[in-house]
Amino acid sequence: MFAADFEYRKAGSIAEAVQLLSDNPGAKILAGGHSLIPLMRFRLARPEVVIDIGGIANLRGITVGGDTINIGALTTHSEIAASADVQRSNGLLAEASGGIGDPAVRNRGTIGGNLAHADPASDWATVLTALGATVSAQGPSGARTIAVSDLIEDAFATALAENELITTVSVPVLAANQRAEYAKMAHPASFYAVVGGAVVVTMDGNRCTAASVAVGGLTPRPVKAPSVEQALAGTTLTADSIGDATSRLGEDITAAGVDIIGDVYASAEFRAGVAPVEVKHALMHAIGLAHH
Amino acid sequence: MPNKVPITITVNGRSHSAEVEPRTLLVHFLRETLNLTGTKIGCDTSQCGACVVKMNGVTVKSCTAFAVQADGAEVTTIEGLADGGNLTAVQEAFWNNHGLQCGYCTAGMIMTVTEIIERNPNPSADEVRAGLEGNMCRCTGYNNIVRAALAAAAAGQGG
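Note that the coordinates shown come from a computational prediction; the quantities given were computed from them, not determined experimentally. (Residues numbered from 1 in each chain as written. Chains lettered and ligands numbered in written order. Predicted model: local features only at pLDDT ≥ 70, side-chain atom pairs only at ≥ 80, totals over all residues.)

1. Brief notes about the overall build of chain A
Consideration 1: Helices and strands together make up the secondary structure of chain A, namely 13 helices and 14 strands.
Consideration 2: Here the C-alpha atoms of chain A give a radius of gyration of 19 Å, agreeing with the 19 Å that 2.2 N^0.38 yields for 292 residues.
Consideration 3: Reported as C-alpha extents along the three principal axes, the dimensions of chain A are approximately 60 × 45 × 35 Å.
Consideration 4: Going through the 292 residues of chain A one by one, you find that 51% of them count as buried.
Consideration 5: Considering only contacts within chain A whose residues lie at least 6 apart along the sequence, 64% involve residues at least 24 apart. (Helix = DSSP H or I, 4+ residues; strand = E, 2+ residues; numbered from the N terminus. Rg over C-alpha atoms; globule rule 2.2 N^0.38 Å. Buried ≥ 20, exposed ≤ 12 C-beta atoms within 10 Å, placed from the backbone. Contact = placed C-beta atoms within 7 Å.)

2. What about the sheet that holds strand β5 (residues 68-72) of chain A?
Residue and element names in this part refer to chain A.
Consideration 1: If you trace the five strands from one edge of the open sheet to the other, you get β4-β5-β10-β6-β7, paired in antiparallel fashion. Edge positions in the sheet fall to β4 (62-65) and β7 (142-147), since each of these pairs with one other strand and no more. Within this sheet the neighbouring strands show an average axis-to-axis angle of 25°, counted without direction.
Consideration 2: Of the strand pairs in this sheet, strand β6 (residues 134-139) and strand β10 (residues 165-172) are connected by five bridges, and their pairing is antiparallel. Among the inter-strand pairings, Val135 is bridged to a residue of β10, identified as Val169.
Consideration 3: Contacting β6 and β10, helix α1 (residues 14-23) crosses the sheet at an angle of about 125° to β10. (Pairing = 2+ DSSP bridges. Axes fitted to C-alpha atoms, helices over the stretch in contact; angles between N-to-C directions.)

3. So, the interface of chain B and chain A
Consideration 1: Contact with chain B, which involves 24 residues of that partner, is made by 24 residues of chain A.
Consideration 2: For the side of chain B that touches chain A, the element with the highest residue contribution is strand β4 (residues 58-61) of chain B, accounting for four residues.
Consideration 3: Grouping the constituent residues of the side of chain B that touches chain A by class yields eight nonpolar, eleven polar and five charged. (Nonpolar A, V, L, I, M, F, W, Y, C, P; charged D, E, K, R; others polar.)

4. Side note on the pairing of strand β1 (residues 5-11) of chain B
Consideration 1: As defined by bridge partners, β1 of chain B adjoins strand β2 (residues 14-20) of chain B across seven bridges and the pair is classed as antiparallel. The partner of Pro6 of chain B across the bridge, within β2 of chain B, is Glu19 of chain B.

5. Focus: the environment of Ala137 of chain A
All names here are of chain A.
Consideration 1: Relative to the helices and strands, Ala137 is located in strand β6.
Consideration 2: The spacing of Ala137 and Ile166 is 29 residues in sequence and 4.3 Å in space, taken between C-alpha atoms.
Consideration 3: Setting aside residues up to four positions removed in sequence, Ala137 forms contacts with Ala143, Arg144, Ile146, Leu160, Glu164, Leu165 and Ile166.

6. Regarding the domain arrangement of chain B
Residue and element names in this part refer to chain B.
Consideration 1: Domain parsing of chain B yields domain 1 (5-79) and domain 2 (89-155).
Consideration 2: Computed from C-alpha coordinates alone, the two centres of domain 1 and domain 2 are separated by 21 Å.
Consideration 3: Counting from both sides, the interface comprises 13 residues of domain 1 and, opposite them, eleven residues of domain 2.
Consideration 4: Top contributing element to the side of domain 1 that touches domain 2 by residue count: strand β3 (residues 52-55), with three residues. (Domains from an automatic or database assignment.)

7. Some words on the domain arrangement of chain A
All names here are of chain A.
Consideration 1: Taken domain by domain, chain A consists of domain 1 (7-52), domain 2 (58-171) and domain 3 (182-286).
Consideration 2: A separation of 21 Å is found between the C-alpha centroids of domain 2 and domain 3.
Consideration 3: Every contact between the two is made by 22 residues of domain 2 and, on the other side, 22 residues of domain 3.
Consideration 4: Residue assignment for the side of domain 2 that touches domain 3 shows that the elements contributing at least two residues are α5 (91-97), α8 (123-131) and β8 (152-154).
Consideration 5: The dominant element in the side of domain 2 that touches domain 3, judged by the number of residues it contributes, is α8, at seven residues.
Consideration 6: By residue class, the composition of the side of domain 2 that touches domain 3 is eleven nonpolar, six polar and five charged.

8. Here's the deal with α1 of chain A
Residues and elements named next belong to chain A.
Consideration 1: Listed as buried for α1 are Ala17, Val18, Leu20 and Leu21. An end-on view of α1 places all buried positions within 160° of arc, on one side of the element.
Consideration 2: The inward-facing, buried residues of α1 abut β1 (7-10), β2 (28-30), β3 (49-52), β6 and β10. (Arc of directions from axis to C-beta.)

9. Concerning the nonpolar core
Consideration 1: Counting residues in hydrophobic clusters, the biggest one holds 141 residues, and the most contacted among them are Ala17, Ile51, Ile53, Leu115 and Val199 of chain A together with Ala149 of chain B.
Consideration 2: Beyond its immediate chain neighbours, meaning those up to four positions away, Val199 of chain A contacts Ala130, Ala180, Glu181, Ala211, Ser212, Val213, Val279, Ala282, Leu283 and Ala286 of chain A. (Core = buried A, V, L, I, M, F, W, Y, C linked by C-beta atoms within 7 Å.)

10. Things to note about unusual backbone geometry
All names here are of chain B.
Consideration 1: With phi around 60°, Asn35 is a residue other than glycine that occupies positive phi space.
Consideration 2: Counting through the fold element by element, Asn35 comes out in the loop between α1 (26-33) and β3.
Consideration 3: For Ser46, which is not glycine, the phi dihedral falls at a positive 60°.
Consideration 4: Note that Ser46 resides in the loop between α1 and β3.
Consideration 5: Residue Ser46 is classed as buried on the basis of its C-beta count, with 26 C-beta atoms lying within 10 Å.

11. Describing the sheet that holds β1 of chain B
Residue and element names in this part refer to chain B.
Consideration 1: A sheet is described by the order of its strands in space; here five strands give the open sequence β2-β1-β5-β3-β4, paired in mixed fashion. Single-partner strands in this sheet number two, and they are β2 and β4. Sheet twist, expressed as the mean angle between neighbouring strand axes with direction ignored, is 40°.
Consideration 2: Bridge count for β1 against strand β5 (residues 74-76) is two bridges, and the pairing is parallel. Along β5, the bridge assignment pairs Val11 with Val75.
Consideration 3: Strands in contact with helix α3 (residues 106-119) are β3 and β4; relative to β3, the strand with the most contacts, it is inclined by about 45°.

12. Section: the confidence of the model for chain B
Consideration 1: Mean pLDDT for chain B: 95, with 97% of residues reaching 70 or above.
Consideration 2: In the model output, the complex is listed with pTM 0.95 alongside ipTM 0.95. (pLDDT = per-residue confidence, 0-100.)

13. So, helix α13 (residues 268-286) of chain A
Residues and elements named next belong to chain A.
Consideration 1: An ideal rise of 1.5 Å per residue puts 27 Å on 19 residues; α13 measures up with 27 Å between its terminal C-alpha atoms.
Consideration 2: In the structure, α13 departs most strongly from a straight axis at Val274, where the bend amounts to approximately 25° and where the proline Pro276 lies between one and four residues downstream.
Consideration 3: Inspection of α13 places Arg271, Val274, Ala275, Pro276, Glu278, Val279, Lys280, His281, Ala282, Leu283, Met284 and Ala286 among the buried residues, and these make up the whole buried set.
Consideration 4: Where α13 is buried, its residues meet β11 (178-186), β12 (193-204), β13 (207-216), α10 (226-232), α11 (239-246) and α12 (249-256).
Consideration 5: Of the residues flanking the end of α13, it is Gly288, one or two places downstream, whose phi is positive at about 80°. (Expected span 1.5 Å × (residues − 1). Bend = angle between axes of the 7 residues up to and from the residue.)

Below, the structure written as structure tokens:
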């Protein structure tokens, strides 16, 4: 399968990439290509102009400063998984990136490209929503910060303007009393999330003082679960209390006003049934009652 | 007028310059322009791993990269591993352990196993299997492939 013909432009800098986006409405950004190239080969996307940002060195790399991990948009999933800084300051990022696709896919796929593509089955979208991460988006008149939970608006749709480019993903460093986990039912060939649940719990001994919970894969965009979070906060976490809390997940998905995805691989009913199980697994891992 | 872009790619240590349509995939460039047909096209959707090559030091699925993205890169294919008639430790181990049946997946398997051992010179069988998640053998000959990987690691060279 060949992509439709396109004009190839290579951007040497962030500013040049933004200029090329402004000059070529409908152009697509090419980073690692692991979302865009399959779309183009299936002719689901036929951009007339493709802007390759792969050579922009300052879009790549990981720095930890204070309470924040800053990850350049072009940083690959493999680089994130292997980063000692990431492993030390937010183990969930390392774990989640190591579960995306397979090793060769992780060697090319990028965190910025993954978010900009906004596939409902993205692990990053769900994990970064639970972690309260933000992206920096560069446009012609400057940069702005967008919460990942606001960035992903719908399946394959983001809050980015046509001439904006994600440059950095910023993620909080986990505090010593925080635990974060992600559990997913993965498609057996692609390893995309059929259903994924991400949790961050702040603990005082065995008692949870605050929780952040998000699910994805089964919905067009990640859904936060405030009912589950409220049920966890102030509770001593046990298998029973976790089960009580996660049983409220359906209310949160209904309240979010999104449809549950059903397809040839997994029906909507099935996914709805699996979602609280994955969140429960993530919570059980987080407090050491279960292991990967 | 054909829309072509000039590229220069170093493949197996030799520099190649060509003009390619931007939509040309790296695997097509390797197989059809350079006639390096050891790299195979399997699923064509970045799942099966038959097309795995090394690019700038890491394995990539060459069906999911445009050749223009490899401009300036160093690529190693299965043809670039052996030094003349001297097979690498991984190739030797695949031979000795019958780590193949029909052979279609073998080039990708060997490229991936080579990277597994580079990253972890002493992997467990589970780590080898996890590392081969993105390489499929439709003959289901996985056990001997894993044996071959462990034997190559034990040989202590890893390719």
